[in-house]
Amino acid sequence: MIKPIFSFRTKFAKIIFVLSLAFVLMPVCRAQDQSQQATAGDAGESGTSTDLFVMLGSDFVRPGLATKANYNIGIGHTFGFLKKDPIGDELTFAYTYEDGGSGFWHSQFGSHTESLGVMKNFGVPKTKRVSGYTWVQVGITSMTGDPYVENRFYNGESLGAVVHFNDHNSIWIQETFNKIVTVPWYTTTSIGYTRSW
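This text gives an overview of the structure that appears in the document. Within every chain, residues take consecutive numbers counted from 1 along the sequence as written. Local features in this predicted model are restricted to residues whose pLDDT is 70 or higher, and side-chain atom pairs enter the listing and the counts only when it is 80 or higher, whereas totals over whole chains, interfaces and linings include all residues. Calculated side-chain values reflect all of the structure's heavy atoms, with hydrogen atoms and water omitted.

Moving on: the pairing of strand 4 (residues 110-124). Here strand 3 (residues 90-99) runs beside strand 4; their pairing, made up of 10 bridges, is antiparallel. Looking across to strand 4, one finds that Thr92 is bridged to Gly117. With 15 bridges connecting them, strand 4 and strand 5 (residues 127-144) associate as antiparallel partners. Its bridge partner lying in strand 5, Met119 is registered against Trp135. Any two strands are treated as partners once DSSP identifies two or more bridges connecting them. Helix and strand definitions here come from DSSP, where helices need a minimum of 4 consecutive H or I residues and strands a minimum of 2 consecutive E residues; each element is numbered from the N-terminal end.

And the structure:
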């Protein structure tokens, strides 16, 4: 009975791997006639970047506000031609592990989520050091620890701020509203490091 679940997950993982590889290779595979003397300012003006992020946080599960560890890693690519799109200008893929047991850090019960998302980056008036973003994600959550792996639809909406140290390093701070089918909604407060190129 478990074989179809793993077959689906294997196909899903392959698709996500190809999409992630495309995000990574896209900046490398530019047209050959472009100048190789491009400066960091030129890259900023084009509006494209690739972000690799790692976030650590805590869920606040409803009801009762129980805290649970939440670890997130992902990659996103900003497309310059989508800057004026009201929905988003960055496409993301992320993997999230959340503790589902009685402890905080880790237990035999876990929630593993692979999600695709759309992020909208926006500036904050009078500063270039801080910017903001909204982020909508959908994906599949696999709940482990029981005799059978249970797959559920996942939806998350985030609001966050980015503190930029330079063109390549920043800290993200975000609050996320999460909903998994058959699980009460919960929020996650996270802080993370991002490397951009």
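Of the grid points, spaced at 1 Å and generated over the protein atoms alone, those admitting a 1.4 Å probe that cannot get out make up cavities, while open sets with protein on both sides within 12 Å along at least five of seven lines make up pockets; any residue with an atom within 4 Å of a point is treated as lining. Grid points are joined across faces, edges and corners, and a volume is the space filled by probe spheres set on the points. Under the definition given, this model contains 1 cavity of 30 Å³ or more. Taken as a whole, the largest cavity spans an internal volume of roughly 140 Å³. What lines the largest cavity is a set of 16 residues, among which Asn70, Asn72, Thr96, Tyr154 and Asn178 lie closest to the centre. Of all the secondary structure elements, the ones that give two or more residues to the lining of the largest cavity are strand 2 (66-78), strand 3, strand 4, strand 5, strand 7 (169-180) and strand 8 (186-196). Basically, the charged four are Asp, Glu, Lys and Arg, the nonpolar ten are Ala, Val, Leu, Ile, Met, Phe, Trp, Tyr, Cys and Pro, and anything else, Gly included, counts as polar. Split into classes, the residues belonging to the lining of the largest cavity amount to 4 nonpolar, 11 polar and 1 charged.

Let us now look at the pattern of salt bridges. The term salt bridge refers to a pairing of a side-chain nitrogen on Lys or Arg with a carboxyl oxygen on Asp or Glu at a separation within 4 Å. Tallied over the full model, the rule gives 2 salt bridges. In this structure, Asp89 and Lys83 form a salt bridge, with 3.5 Å as the shortest nitrogen-oxygen distance. Taking relative accessible area as the criterion, Asp89 reaches 1% and is therefore assigned buried. The exposure class assigned to Lys83 is partly exposed, which follows from its relative accessible area of 40%. Across the salt bridge formed by Glu150 and Arg152, the nearest N and O atoms sit 3.2 Å from each other. Exposure categories follow from relative accessible area, calculated using a 1.4 Å probe and restricted to protein chains: below 20% of the type maximum is buried, above 50% is exposed, and the middle band is partly exposed.

We now examine the nonpolar core. Residues Phe53, Met55, Ala94, Met119, Tyr133, Trp135, Val162 and Trp172 constitute the largest nonpolar core, which totals 8 residues. If we ignore the near neighbours within four places in the chain, the residues touching Met119 are Gly88, Asp89, Glu90, Thr92, Tyr133, Thr134, Trp135 and Trp172. Among buried residues, the Ala, Val, Leu, Ile, Met, Phe, Trp, Tyr and Cys ones that are joined through side-chain atoms within 4.5 Å form a nonpolar core. Contacts between residues were defined by any pair of non-hydrogen atoms, one from each residue, lying within 4.5 Å.

Moving on, we come to the environment of Gly160. Here Gly160 lies in strand 6 (residues 150-164). Since its relative accessible area comes to 12%, Gly160 is described here as buried. Separated by 29 residues in the primary sequence, Gly160 and Thr189 have C-alpha atoms spaced 9.7 Å apart. With residues near it in sequence (within four places) discarded, Gly160 still touches Ser131, Gly132, Tyr133, Ile173 and Gln174.

Another point: the layout of surface pockets. Of the volumes computed, that of the second largest pocket is approximately 350 Å³. Elements supplying a minimum of two residues to the lining of the second largest pocket: strand 1 (49-61), strand 3, strand 4 and strand 5. Along the lines of polarity and charge, the residues of the lining of the second largest pocket split into 7 nonpolar, 5 polar and 6 charged.

Time to look at the side chain of Ser115. Mapping Ser115 onto the fold places it in strand 4. Judged by relative accessible area, which is 1%, Ser115 ranks as buried. Any pair of nitrogen or oxygen atoms within 3.5 Å is treated as a polar contact; in protein, a donor-acceptor pairing is required on top of that, and neighbouring residues in sequence qualify only through side-chain atoms on both sides. At 2.9 Å, the side chain of Ser115 and the side chain of Gln137 are in polar contact. Other than its neighbours up to four places away in sequence, Ser115 contacts Thr92, Phe93, Ala94, Gln137, Val138, Gly139 and Tyr154.

Our focus in this paragraph is a nonpolar patch on the surface. Surface patches are drawn from residues lacking salt bridges whose relative accessible area is over 30%; two like charges belong together within 9 Å, two nonpolar side chains (Val, Leu, Ile, Met, Phe, Trp, Tyr) within 5 Å. The accessible surface values rely on the Shrake-Rupley method and a 1.4 Å probe; as for residues, cover is taken only from the protein chains in view. Together, Leu52, Val54, Ile73 and Trp197 line one region of the surface with nonpolar side chains, adding up to about 350 Å² of accessible area. By secondary structure assignment, the location of Trp197 is in the segment after strand 8.

Turning to its location among the elements, Ser190 is positioned in strand 8. When its relative accessible area of 5% is taken as the criterion, Ser190 is described as buried. In sequence terms Ser190 and Tyr71 are 119 residues apart; their C-alpha atoms lie 8.7 Å from each other. Leaving out residues up to four positions away in the same chain, Ser190 has contacts with Met55, Leu56, Gly57, Trp172, Ile173 and Gln174.

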